[in-house]
Amino acid sequence: SSLLNGSCPDGWNLDWQWRFQADALYLKRDRDWRDIPVISGPESFRPSNLDFDYKAGTRLSLGIMHEDFEMDFVFSTLNDWTASQSGVLSNAVNFDGPVAFGGAHPDAMTNVDPGLPPNPNFITSSTYFGPINTAAVTGAEANELEFLRPGARFSQTFNSNYQDFEVNYKRRAQPGRFARFGFGYRNVQFGESGLTALSGTFDTVDSATGLEPEANNGLSNGSLVSGGLTAPTPALLAVGFNENSTVVPAIPPDELLFTTSLRATNQLNGVHLTSDFLFFESEYFELGGFGKAGVFHNFASGSITERYTDTLNDPNSSYTRTLSSKKEVASFLGQAGLTGRFFLRENIRLFGSYEAIYLSGLALAPDQMRGIST
């Protein structure tokens, strides 16, 4: 058909145009973590107890149209999602695990946790702070129960961040065109970080008698190192953790602080397919939808940093463990939404949408703890 002022007789526009759109985003994220408990027992808690709220963000898009095709550039960013929990534990936190605790003398069990029946929380090889469990059941430490007294404090915080850039090439929107398809390049960066802390007063009892141990009343430097921890430098500073109740003059028991810092990053790059649909159009309003989907190359990394410190008597007794890994994997991203557009003036539109983004194949911060064994 012939062109008339850049338009076809059927109303299609084929001349050069550009479009700019600014959106205010308000999104909530789900957490599908395959995590492990921080401690086990009656007051067990884990990262999946957390719940993220809605966070605001922005999305800017620029479209350049010529003849019957369109190229658009889209950049999206969201404020960090943050969730946290904290509290005080009514029960003790035993380092030896339920098997060793259950085989101890009844008086020892009562001295660890005065409840009836004694029912402490536990650090095990399947919870956070696993090296402490290994140290507590190693060698000379096996004849006593090591624990944090009732009243230990905990806190946990996680942050997630999301950033997205894409370039798409697709058919141009035209009157009566109810479906448009295209393809594009997309880069997504998704990361998480978290910090878990547990602190309290250190104590020990002899597992066979329930009395204060005479030859050993703590976790020695050798046991902690055997548990997988790195001693401070110089090694002369490393004295382990002590309950100290039999020392004259009396020295208060060590106050211990355990922390685990988790981090995961994902950088996705790849090509996706796009689709835009027009369900209803009038002179003043349009109702439509869109979908995007693709498989992406994901350069993922994760890290764990643990620290175990006596904060009262000997801050130099600070033991650490650091683990990290990187991996290249395939990740999937799908996005779909329902859109509405109001025509305020000839060149001004008001746009709104309800949409969801689905990501799989990501490294998530809490999941990193499942990837290690002690």
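**Points about the side chain of Gln174**
- Here Gln174 lies in the loop between strand 8 (153-171) and strand 9 (179-206).
- Side chain to side chain, Gln174 and Asp68 meet in a polar contact 3.4 Å long.

**Re the confidence of the model for the chain**
- Scored by pLDDT, the chain comes out at a mean of 90, with 93% of its residues at no less than 70.
- Taken as a whole, residues 1-5 scores under 50 in pLDDT and shows seven contacts with residues more than four places along the chain or in a different chain.

**Some thoughts on the environment of Glu306**
- Relative to the helices and strands, Glu306 resides in strand 13 (residues 285-310).
- By relative accessible area, Glu306 is classed as buried at 0%.
- Each C-alpha atom, one on Glu306 and one on Thr260, is 4.4 Å from the other, the two residues being 46 residues apart in sequence.
- The contact partners of Glu306, leaving out residues within four places of it in the chain, are Phe129, Pro131, Thr259, Thr260, Tyr319, Thr320, Arg321 and Met369.
- Separated by 2.8 Å, the side chains of Glu306 and Tyr308 make a polar contact.

**Some details on the environment of Ile39**
- Note on placement: Ile39 falls in the loop between strand 1 (17-27) and strand 2 (55-66).
- Setting aside chain neighbours within four positions, we find Ile39 in contact with Ser44, Phe45, Leu89, Val93, Asn121, Phe122, Ile123, Thr127 and Leu198.

**Considerations on the layout of surface pockets**
- By volume, the second largest pocket is sized at about 930 Å³.
- What lines the second largest pocket is a set of 30 residues, among which Lys28, Arg29, Asp30, Ile357 and Tyr358 lie closest to the centre.
- Elements supplying a minimum of two residues to the lining of the second largest pocket: strand 1 and strand 15 (348-360).
- When residues of the lining of the second largest pocket are assigned to their parent elements, the largest contribution, 10 residues, is made by strand 15.
- Its residues placed into classes, the lining of the second largest pocket shows 17 nonpolar, four polar and nine charged.

**A closer look at the packing of aromatic side chains**
- Evaluated as defined, the whole model comprises 19 aromatic pairs.
- An angle of 15° between the planes, with centres 5.2 Å apart, marks the rings of Tyr26 and Tyr54 as stacked. In this pair, Tyr26 sits in strand 1 while Tyr54 sits in the loop between strand 1 and strand 2, placing the two residues 28 residues apart along the sequence.
- In this structure Tyr26 comes out as exposed when scored by relative accessible area, which is 56%.
- Put simply, the rings of Phe95, Tyr128, Phe129, Phe202, Phe258 and Tyr308 pair up and form one aromatic cluster.
- In this structure, Lys28 is placed above the aromatic ring of Tyr54, and the distance from its NZ or CZ to the ring centre is 5.8 Å.

**Things to note about the nonpolar core**
- Ranked by internal contacts, the top residues of the largest apolar core, which has 50 residues, are Phe95, Leu198, Leu219, Phe241 and Phe258.
- Mapped onto this core, the elements with two or more residues apiece are strand 4 (81-88), helix 3 (130-136), strand 8, strand 9, strand 12 (255-281), strand 13 and strand 14 (318-345).
- Tallying contributions element by element places strand 12 first for this core, with five residues.
- When sequence neighbours within four positions are dropped, the list of residues in contact with Phe258 reads Phe95, Ile123, Phe129, Ile132, Thr196, Ala197, Leu198, Phe241, Arg307 and Tyr308.
- By size, the runner-up hydrophobic cluster in this structure holds 10 residues, among which are Ala104, Val112, Phe122 and Phe147.

**Concerning the pairing of strand 8**
- Judged from the nine bridges that link them, strand 3 (residues 69-78) and strand 8 form a sheet pairing that is antiparallel. The partner of Phe73 across the bridge, within strand 8, is Val167.
- The sheet contact formed by strand 4 and strand 8 spans eight bridges and is antiparallel. Residue Ser86 lies in a different strand from strand 8, and its bridge partner there is Ser155.

Calculation criteria
- Residues numbered from 1 in each chain as written.
- Predicted model: local features only at pLDDT ≥ 70, side-chain atom pairs only at ≥ 80, totals over all residues.
- Heavy atoms only, no water.
- Helix = DSSP H or I, 4+ residues; strand = E, 2+ residues; numbered from the N terminus.
- Polar contact = N/O pair within 3.5 Å; in protein donor to acceptor, adjacent residues only side chain to side chain.
- pLDDT = per-residue confidence, 0-100.
- Contact = heavy atoms within 4.5 Å.
- Buried < 20%, exposed > 50% of the residue type's maximum accessible area, 1.4 Å probe, protein only.
- 1 Å grid on protein atoms, 1.4 Å probe; cavity = no way out; pocket = protein on both sides within 12 Å on 5 of 7 lines; lining within 4 Å.
- Points joined across faces, edges and corners; volume = space filled by probe spheres on them.
- Nonpolar A, V, L, I, M, F, W, Y, C, P; charged D, E, K, R; others polar.
- Phe/Tyr/Trp six-rings, centres within 6.5 Å; stacked < 30°, edge-to-face > 60°.
- Lys NZ or Arg CZ within 6 Å of the ring centre and 35° of its normal.
- Core = buried A, V, L, I, M, F, W, Y, C linked by side-chain atoms within 4.5 Å.
- Pairing = 2+ DSSP bridges.

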